[in-house]
Amino acid sequence: MDGLMDSLFDPVMLARIQFAFTISFHIIFPAFTIGLASYLAVLEGLWLWKKDSVFLDLFDFWKKVFAIVFGMGVVSGIVMSYEFGTNWSVFSDKAGPVIGPLMGYEVLSAFFLEAGFLGVMLFGKERVGPGLHFFATLMVAVGTLFSAFWILSVNSWMQTPAGYGMNDVGQFIPVDWWAVVFNPSFPYRLVHMVLAAYLTTAFAVGAVGAWHLLHDRDNRPALIMFSMAMWMAALVAPLQIVAGDLHGLNTLEHQPAKIAAMEGHYETRQGAPLILFGLPDDEAEVTRYAVEIPKLGSYILTHDWDGELKGLKSWPKEDRPPAALVFWSFRIMVGLGFAMVLIGFWSLIHRRWGGGLANARLLLRASVLMGPAGFVAILAGWITTEVGRQPFTIYGLLRTAESVSPLEAPALLGSLLLFFVVYTTVFGAGIYYVLKVMAKGPSRESEDEMQVPTRAAGIMPGAWQASKSHGHPGQG
Amino acid sequence: MEVDLAFIWAGLIAFAVLAYVILDGFDLGVGILFPFIKGEGSRDLMMNSVAPVWDGNETWLVLGGGGLLAVFPLAYSVILPALYAPIIAMLAGLIFRGVAFEFRWRASKSRWLWDAAFFGGSLLATLAQGVALGALVQGIEIEGRAYAGGWWDWLTPFSILTGIALVVGYILLGSTWLVMKTEGFVRSTARRYAYWSAYGTLGLIGAVSLWTPFLNPTYLDRWFSGPTTAFTVIVPSLVLASAFFLFRGLREGQDALPFLSALAFFILCFAGIGISFYPYMVPPSLTIWQAAAPDDSLSFLLVGSVVLLPLILLYSGYSYWVFRGKVDPSEGYH
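Calculation notes
- Residues numbered from 1 in each chain as written.
- Chains lettered and ligands numbered in written order.
- Predicted model: local features only at pLDDT ≥ 70, side-chain atom pairs only at ≥ 80, totals over all residues.
- Heavy atoms only, no water.
- Helix = DSSP H or I, 4+ residues; strand = E, 2+ residues; numbered from the N terminus.
- Rg over C-alpha atoms; globule rule 2.2 N^0.38 Å.
- Buried < 20%, exposed > 50% of the residue type's maximum accessible area, 1.4 Å probe, protein only.
- Contact = heavy atoms within 4.5 Å.
- Lys, Arg positive; Asp, Glu negative; His and termini not counted.
- Charge placed at Lys NZ, Arg CZ, Asp CG, Glu CD.
- Domains from an automatic or database assignment.
- Salt bridge = Lys/Arg side-chain N within 4 Å of Asp/Glu carboxyl O.
- Polar contact = N/O pair within 3.5 Å; in protein donor to acceptor, adjacent residues only side chain to side chain.
- Patch = residues over 30% accessible without salt bridge, like charges linked within 9 Å, V, L, I, M, F, W, Y side chains within 5 Å.
- Areas by Shrake-Rupley, 256 points an atom, 1.4 Å probe, with all protein chains shown as cover.
- Buried area = accessible area lost by both parts, 1.4 Å probe.
- UniProt positions renumbered as here; feature names shortened; annotations may be inferred.
- Pairing = 2+ DSSP bridges.
- Core = buried A, V, L, I, M, F, W, Y, C linked by side-chain atoms within 4.5 Å.

1. Here we look at the overall build of chain A
Part 1 of the argument: Across its full length, chain A holds 17 helices and eight strands.
Part 2 of the argument: For a compact globule of 476 residues, the expected C-alpha radius of gyration is about 23 Å, and chain A comes in at 25 Å, within 12% of that figure.
Part 3 of the argument: Once the C-alpha set of chain A is aligned to its principal axes, its extents read approximately 85 × 50 × 45 Å.
Part 4 of the argument: Every one of the 476 residues in chain A was classed for burial, and the buried ones make up 59%.
Part 5 of the argument: Partitioning the intrachain contacts of chain A with sequence separation of at least 6 by distance along the chain shows that 76% fall at a separation of at least 24.
Part 6 of the argument: Charge centroids of chain A, computed over 31 positive and 37 negative side chains, lie 11 Å from each other.

Right, dumping it as structure tokens:
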């Protein structure tokens, strides 16, 4: 309780809590829109190519979800772009010359592109031709990927700084832009994050498809989206494990203290075990109740059964990240990653031997449960990497405690409380609306029309009425 | 000849902020007018008149903030803590109004709540921006490389006046936008508000202009002594000319002229602030060159901006072109 009371009056801790809270909310929106934008482009492309209206129905449906999520991403993102100045002004002054231009490029190459073509994509269908509309959708999708490129470059530079010098007023200045942008951890982080966004979207889309299939196994749009999601899971989830492993090796090379915290190792050892579970205790410098597999830790990280792994004790106490949070968030991410691989393979088995996906009730139920898995995994992964680089904002160079604005605790506490109330109510409502749209499912209007022979429409009022009454979800 | 990168960037940042003010200005104004034009259909129309473009408009704010961090990091890191409360209030306001665009179509019983959020958020964001502007004009105290004033320095009678002025000004932009983009009841009501807010804006421009030179001796010199005194004649004359066209456009029932004249008001006021400020980035402490990042940062971003900014203007303009003309009440993707 003393710890909590102290934090309430500690500007650094308050600024950290505020940043963690606002960015945790923010990160789930772009992660979803990166995947959804690409998915929408694929759906519209398929529609233009195959002329099967089911793809248009799916496009119109996911477009609604995209619009709500994108709106929340925009407004929570604006907060982030100003929070660097309000709460971390010393950091902004010192690091601005290096990371500022990268963020500038994100605005110029990504945000404007997304925003400029979003209007055409959402509202312009009746005003531009199908080719131009598809182009607009592609530009939105490309914009989200550009955005990921630049913001991960910024984040990676803060984790593994390169290509910089210092000037006489203590600012980091760029010396080699190529080295700044393509800093050592950037390629790994970018691939890992984009795959994570695609997987997150796949499992969200898959859950919606599975949900509607569980209620109606003949729901064709639901089957198509579930099937597409499962292909994504089967192909990309294993790839993500490989990408994650490579990213881990990169982290070992450049941020060994983070790896030590992730693994729960306090002692430097040769032939270190893999600790599956345990309770890292920073005070006692020991991981309690550890369930271990001998030598596997060294093998995974050094590809040598007797390789040396540095423990947290190799660093002075004030330079170590808090181990328990990093250790556990890492396990949650990895656990969910393996669950995703499992679901992907399971779906392959059903496709080949199980009589199709629509009848795979257990898989469908599991997929509904896995709907939020991507979001949870991304948050856990983000906690692992961000808490793991503490106590630094720029790894090894600038301490978090030396980055904060010269603000007093009441100002920070006030803004934190305000953001807490605003975010939970506004984005809570938004998530509710997204779920509401998802529960309604895509319109099956065109499919029904196809089942009713055109010439029967006039003479079979019942069938015609039935198809009309489906209407368009969310009309008006 | 040496290229003055800091000067070029000061111009570009000023352009981004001006683009933000006139673009998001009219859609914020539409938000402020929301409760004053009755009827569900009218409100759908108002919302749909800005729905396809508001997001692009607001991106200029991100460019203003992000660009400031990139090219004037020192200015960014003293202005934002100095204006802490108004900026946090602006962000909260922008959150509420931004989500309202989508949420109100998804809500059934609670639609009124998002209508209120749209109005309240727009009003709060505008007021906060106006107050922040006033606080910046007043000047920001700096010691070393950090803000050195108190946490309530931003709150003064002058900053409250600029806050109110911006609200009335955005109402003018919003109502003339609606005159241009709508027909029937919404248009005729908006026209009434346009008259009212035009008088208000002119009066407030006058009040702020008369007050500003007395805040700071530099401003007084700039406007009332030396060769720059010419501006004292030119700027107000152009404001009066714009006012003439604004009222004529409204009287003759023209579509675009009132909106364009209202934009001219904003461009002229912005120029007026520029005339007072130059060469300061943060008056009275930091000049453009003191606040600038090293040349390597400025040139790296400038190379891309030279290519990307024209492209952005091109496709943003295209987006406006796609949605040209009066808003069709039956349209919208919902």
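Once the structure has been displayed, the description carries forward.
2. Let's talk about the domain arrangement of chain A
All names here are of chain A.
Part 1 of the argument: By the assigned domains, chain A splits into domain 1 (10-183 + 408-444) and domain 2 (217-399).
Part 2 of the argument: Relative to domain 2, the C-alpha centre of domain 1 lies at a distance of 24 Å.
Part 3 of the argument: Of the residues lining the interface, 31 residues belong to domain 1; the matching set on domain 2 comes to 23 residues.
Part 4 of the argument: Notably, a salt bridge pairs Arg220 with Asp52, separated by 2.5 Å at the nearest N-O pair.
Part 5 of the argument: Summed over the shared surface of domain 1 and domain 2, the number is seven residue pairs in polar contact (both at pLDDT 80 or more).
Part 6 of the argument: Secondary structure elements with two or more residues in the side of domain 1 that touches domain 2: helix H2 (11-50), helix H3 (53-87), helix H4 (89-123) and helix H5 (130-159).
Part 7 of the argument: Broken down by element, the side of domain 1 that touches domain 2 gets its largest block of residues, 12 residues, from H2.

3. Some words on a nonpolar patch on the surface
All names here are of chain A.
Part 1 of the argument: A cluster of nonpolar side chains, Leu276, Phe277, Leu279, Tyr289, Val291, Ile293 and Trp328, forms an exposed patch at the surface whose accessible area comes to about 670 Å².
Part 2 of the argument: Only strand E4 (274-281) and strand E5 (286-293) provide two or more residues apiece to the nonpolar patch.
Part 3 of the argument: With respect to the element layout, Leu276 can be found in strand E4.

4. Looking at the interface of chain A and chain B
Part 1 of the argument: Chain A puts 75 residues into the contact, and the matching count from chain B is 66 residues.
Part 2 of the argument: Of the roughly 6400 Å² buried at the junction of chain A and chain B (both faces included), carbon and sulfur atoms supply 73%.
Part 3 of the argument: Viewed at the interface, chain B and chain A are joined by one salt bridge.
Part 4 of the argument: Between Asp93(A) and Arg145(B) there is a salt bridge, with its nearest N and O atoms 2.8 Å apart.
Part 5 of the argument: Linking chain A with chain B are 16 residue pairs in polar contact (both at pLDDT 80 or more).

5. Looking at the UniProt feature "transmembrane region" (unreviewed entry) in chain B
Part 1 of the argument: Annotation from UniProt places "transmembrane region" (unreviewed entry) at residues 6-37, 82-100, 112-137, 157-180, 192-211, 223-247, 259-280 and 300-323 of chain B.
Part 2 of the argument: Secondary structure across residues 259-280 of chain B divides into 86% helix and 5% strand, with the first and last C-alpha atoms of the span separated by 31 Å.

6. Brief notes about the side chain of Asp115(B)
Part 1 of the argument: Structurally, the position occupied by Asp115(B) is in helix H6 (residues 111-138).
Part 2 of the argument: Once residues within four sequence positions are removed from consideration, Asp115(B) is found in contact with Phe34(B), Arg43(B) and Arg104(B).

7. Regarding the pairing of E4(A)
All names here are of chain A.
Part 1 of the argument: Note that E4 and E5 share six bridges and pair antiparallel. Note on E5: the bridge partner recorded for Pro280 is Thr287.
Part 2 of the argument: Between the antiparallel neighbours E4 and E5 lie four residues, among them Glu285 with a positive phi of about 60°.

8. What about the nonpolar core?
Part 1 of the argument: Residues Trp62(A), Phe427(A), Phe72(B) and Ile79(B) are the most contacted members of the largest nonpolar core, which totals 218 residues.
Part 2 of the argument: With 20 residues, the single largest contributor to this core is H3(A).
Part 3 of the argument: Split by domain, the residues of this core number at least three in each of domain 1 (10-183 + 408-444) and domain 2 (217-399) of chain A.
Part 4 of the argument: When near neighbours in sequence (up to four residues on either side) are disregarded, Phe427(A) contacts Phe25(A), Phe29(A), Met72(A), Val75(A), Ser76(A), Val422(A), Ile95(B) and Val99(B).

9. Some remarks on the pattern of salt bridges
Residues and elements named next belong to chain A.
Part 1 of the argument: On inspection of all chains with the given rule, the structure shows 20 salt bridges over all chains.
Part 2 of the argument: Among the salt bridges present, the one from Asp60 reaches Lys125, with a minimum N-O distance of 3.0 Å. Here Lys125 lies in the loop between H4 and H5 and Asp60 lies in helix H3, a separation of 65 residues in the sequence.
Part 3 of the argument: The exposure class assigned to Lys125 is partly exposed, which follows from its relative accessible area of 28%.
Part 4 of the argument: Arg399 is the partner of Asp319 in a salt bridge, and the nearest nitrogen-oxygen pair spans 2.4 Å. Here the residue Asp319 occupies a position in the loop between strand E6 (308-309) and helix H11 (323-353), and Arg399 occupies one in strand E8 (residues 398-399), the gap between them amounting to 80 residues.

10. Here we look at the environment of Gly41(B)
Residue and element names in this part refer to chain B.
Part 1 of the argument: Assignment of secondary structure puts Gly41 in helix H2 (residues 40-50).
Part 2 of the argument: Look at Gly41 and you get exposed, because its relative accessible area is 51%.
Part 3 of the argument: On a C-alpha basis, the gap between Gly41 and Pro329 in space is 7.8 Å, while along the polypeptide they are 288 residues apart.

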